[in-house]
Amino acid sequence: MSLHTLSLTEALKKLEQKEISSVELTEAYLERIKELEPRLNAFVTVTPEEALRNAADADRKRAEGISLPLLGIPLSIKDNFSTSGIRTTASSKVLDDYIPPFDATVVRRLKEAGMVLLGKTNMDAWAHGSSTETSDYGASKNPWNTAHLPGGSSGGAAASVAADQTVAAIGSETAGSIRQPASWCGVVGLKPTYGRVSRYGVVAMGSSLDSPGPITKRVEDSALLLQVLAGQDPMDATSSPTEVPNYLKNLKKDIQGLKIGISDDYFEGVHEEVKASVEEAIKTLEKLGATIKKIKLFHPKYAIAVYTILQRAEVSSNLARLDGIRYGNDRSYFGEEAKRRIMLGTYTLSAGYYDQYYNKALKVRTVIIEDFKKAFQDVDVIVGPTAPTTALPIGASEGQSMFGELADVLVEPSSIAGLSGINIPVGFSKAGLPIGMQIIGPQFAEELILKVAYNYEQENPLYLKKPKIGSSA
Amino acid sequence: MKLDIQHIAKLANLHIDKEEEKRFEEQLSETLDYVEKLNEIDTENVEPTSQVTGLQNIAREDIAMESLTQEQALSNTKSQHNGFFQVKAILENQ
């Protein structure tokens with residue numbers, strides 16, 4: 001039995017039935033990380049000592065009869081989540097030697113739930129990008145073809161899951177950073193509603209958009225992790241008091257009568273193979289009892305413009321705190337992409353330009369929100385491709401100041417509106433690269449989109465197909 | 001559009017060299033041209049949305065809570081003096 005191929009749900013069951021110990025499971029993953037890291041570079045920091053200590057502790061607790069939702073489960077965490085006593089760089093040399101004295105709320109919740117921390121995953125520096133090529137620690141590679149990018153910014157996280165270097169990963173999305181790499185790496189990526197999961201202790205990017213969420217092998221794993229992550233946090237004033245449902249309760253119910261919306265604009269300019277796979281997946285959903293309805297949504301190109309202004313502005317403000325005085329290195333350590341974004345944001349917020357750019361973008365955001373609200377009066381969820389292409393080759397993002405926006409055109413509108421969305425694998429290109437479909441729901445519709453994703457996954461269990469990387473795969 | 005890159009760099013407290021100046025001027029102009037699209041949308045009577053939760057005036061009880069110790073707060077600084085962060089002089093003597 002290969003322990004590293006287990007899904008979260010399967011691993012938990014084996015731990016509960018004492019078929020395996022957490023130490024055995026953790027050792028299997030640490031071995032797998034060691035074997036594949038020279039080719040994948042999915043991690044900035046691997047924490048074997050911490051992991052084995054957590055695992056031994058979990059085994060001891062289980063022996064004492066203690067039961068916790070993630071007891072003994074090895075996870076990777078994106079390197080923009082503060083981890084007490086463990087280096088947290090956000091893949092930038094500015095934070096090369098930064099060791100947080102506290103845990104992000106997400107990390108605290110995972111620890112309380114009994115997780116084992118394998119390490120911190122690579123990302124675009126400060127999460128600025130959709131490739132991981134802006135990481136100061138080198139790009140991560142796509143496990144399906146190491147000449148290709150994993151996507152980003154949670155590229156290391158998605159690669160670590162696809163390559164079975166971890167049971168599951170925690171990533172974060174501002175606009176696409178969970179769904180797009182999940183799509184390119186052929187795994188499940190859930191972007192919760194803005195405010196569903198606390199941002200406290202996450203290296204801030206676009207504060208009105210940032211949403212932490214899980215990247216997993218299976219849909220059920222995603223529901224399990226969201227259960228641990230979701231909930232109001234006194235340390236984050238934008239975290240929502242909306243009640244957290246039991247995400248597993250209705251997961252396996254059918255989708256008979258579900259109304260699915262499709263917008264032609266979301267298929268425009270999309271690669272033929274991606275389009276064909278997603279259209280096939282929509283037929284599968286129809287077969288499962290859903291009805292399809294054509295809808296007209298606001299053209300995604302405007303969302304790119306809104307996002308570009310809001311994100312750069314919020315970045316310039318958030319990264320102003322990096323002064324090299326209290327922690328980290330000084331501002332000369334910023335890479336080119338961060339500087340470019342800080343500069344644009346500084347300009348659009350500077351005297352005389354606020355109304356023309358930032359305020360205008362905030363108003364168009366209102367228009368986009370209203371547009372989605374109207375659409376959700378007629379349909380329950382909206383589906384479409386997650387990304388216009390499959391994983392692009394290494395080097396594709398270099399010198400492209402709008403690379404991320406064009407790779408994320410199909411996920412930016414729903415991010416701007418703060419909606420919930422999930423990527424699920426729906427096929428492969430002829431070249432063997434994964435294709436993903438996104439299911440977008442209204443705010444706080446995680447339960448529903450997880451159910452739709454689960455139903456699809458049962459029909460087309462692509463998680464059974466693994467990349468041919470590593471001797472034991 | 002003519003952008004004063006060095007002025008923006010000064011506001012952002014970044015050092016931008018001559019080569020970067022030229023590149024950034026082109027790229028920033030290009031991006032600003034792209035976002036001009038938004039002027040196609042009439043927002044005359046639309047309220048701005050700064051964040052999407054609809055939550056307002058979120059406050060907590062004013063009770064002291066556990067926080068970082070002085071030692072923890074200083075644990076990442078490269079320059080400290082007598083338990084304080086040490087910074088360069090901001091105001092100079094006349």
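Reference entry: report on the structure contained in this document.

What counts and how
Residues numbered from 1 in each chain as written. Chains lettered and ligands numbered in written order. Predicted model: local features only at pLDDT ≥ 70, side-chain atom pairs only at ≥ 80, totals over all residues. Helix = DSSP H or I, 4+ residues; strand = E, 2+ residues; numbered from the N terminus. Rg over C-alpha atoms; globule rule 2.2 N^0.38 Å. Buried ≥ 20, exposed ≤ 12 C-beta atoms within 10 Å, placed from the backbone. Core = buried A, V, L, I, M, F, W, Y, C linked by C-beta atoms within 7 Å. Contact = placed C-beta atoms within 7 Å. Nonpolar A, V, L, I, M, F, W, Y, C, P; charged D, E, K, R; others polar. Expected span 1.5 Å × (residues − 1). Pairing = 2+ DSSP bridges. Axes fitted to C-alpha atoms, helices over the stretch in contact; angles between N-to-C directions.

## Digging into the overall build of chain A
Stage number 1. Looking only at helices and strands, one finds 14 helices and 11 strands in chain A.
Stage number 2. Whereas a compact globule of 473 residues would reach a radius of gyration of roughly 23 Å, chain A reaches 21 Å, a difference of no more than 12%.
Stage number 3. Considering only C-alpha atoms, chain A reaches an extent of 60 × 60 × 45 Å along its principal axes.
Stage number 4. Out of the 473 residues in chain A, the part that is buried amounts to 62%.

## With respect to the overall build of chain B
Stage number 1. Helix and strand counts for chain B stand at three helices and two strands.
Stage number 2. Computed over its C-alpha atoms, the radius of gyration of chain B comes to 23 Å, more than 25% above the 12 Å expected for a compact globule of 94 residues.

## What to know about the nonpolar core
Residues and elements named next belong to chain A.
Stage number 1. One finds Leu75, Ile215, Val306 and Ala453 to be the most contacted residues of the largest nonpolar core, which totals 158 residues.
Stage number 2. At 10 residues, helix H9 (residues 300–318) tops the list of elements feeding residues into this core.
Stage number 3. Apart from the residues lying within four places of it in its own chain, the contact partners of Leu75 are Leu110, Met115, Val116, Leu117, Leu118, Thr166, Val167, Ala168, Ala169 and Ile170.

## Some remarks on the environment of Ile8(B)
Stage number 1. Here Ile8(B) is to be found in helix H1 (residues 5–11).
Stage number 2. Remark: the alpha-carbon pair of Ile8(B) and Thr31(B), spanning 23 residues in sequence, is separated by 15 Å.
Stage number 3. Among all residues touching Ile8(B), those that are not within four sequence positions of it are Met343(A), Thr346(A), Tyr347(A) and Leu3(B).

## Overview of the interface of chain A and chain B
Stage number 1. If you look at the interface, chain A gives 47 residues, while chain B gives 36 residues.
Stage number 2. Of all the elements, helix H11 (residues 355–378) of chain A adds the most residues to the side of chain A that touches chain B, at 11 residues.
Stage number 3. Looking at the side of chain A that touches chain B, its residues break down into 26 nonpolar, 13 polar and eight charged.

## Re H11(A)
Stage number 1. For H11(A), built from 24 residues, the straight-helix expectation of 34 Å at 1.5 Å per residue is met to within 8% by its first-to-last C-alpha distance of 34 Å.
Stage number 2. For H11(A), the elements touching its buried residues are H9, helix H10 (336–349) and helix H13 (412–416) of chain A together with helix H2 (18–35) of chain B.

## A short note on helix H4 (residues 105–112) of chain A
Residue and element names in this part refer to chain A.
Stage number 1. All buried positions along H4 are accounted for by Thr105, Val106, Val107, Arg109 and Leu110.
Stage number 2. Those residues of H4 hidden inside the fold are in contact with strand E2 (74–78), strand E4 (168–173), strand E6 (211–216) and helix H7 (219–229).
Stage number 3. Downstream of H4 by a residue or two, Gly114 has a phi angle that is positive, lying close to 100°.

## Comments concerning the sheet that holds strand E7 (residues 259–262) of chain A
Residues and elements named next belong to chain A.
Stage number 1. The strand order E1-E3-E2-E4-E6-E5-E10-E11-E9-E7-E8 describes an open sheet built from 11 strands, whose pairing is mixed. With partners counted over all chains shown, the strands left at the sheet margins are strand E1 (43–46) and strand E8 (291–294), one partner each. Across the sheet, the axes of successive neighbouring strands diverge by a mean angle of 25°, strand direction being ignored.
Stage number 2. Examined bridge by bridge, strand E5 (residues 188–191) and strand E10 (residues 420–428) share three bridges and lie antiparallel to one another. Considered in E10, the bridge of Leu190 is made with Ile422.
Stage number 3. Across the sheet, helix H2 (residues 22–40) lies against E1, E2 and strand E3 (116–121), angled at about 20° from E3, the strand it touches most.

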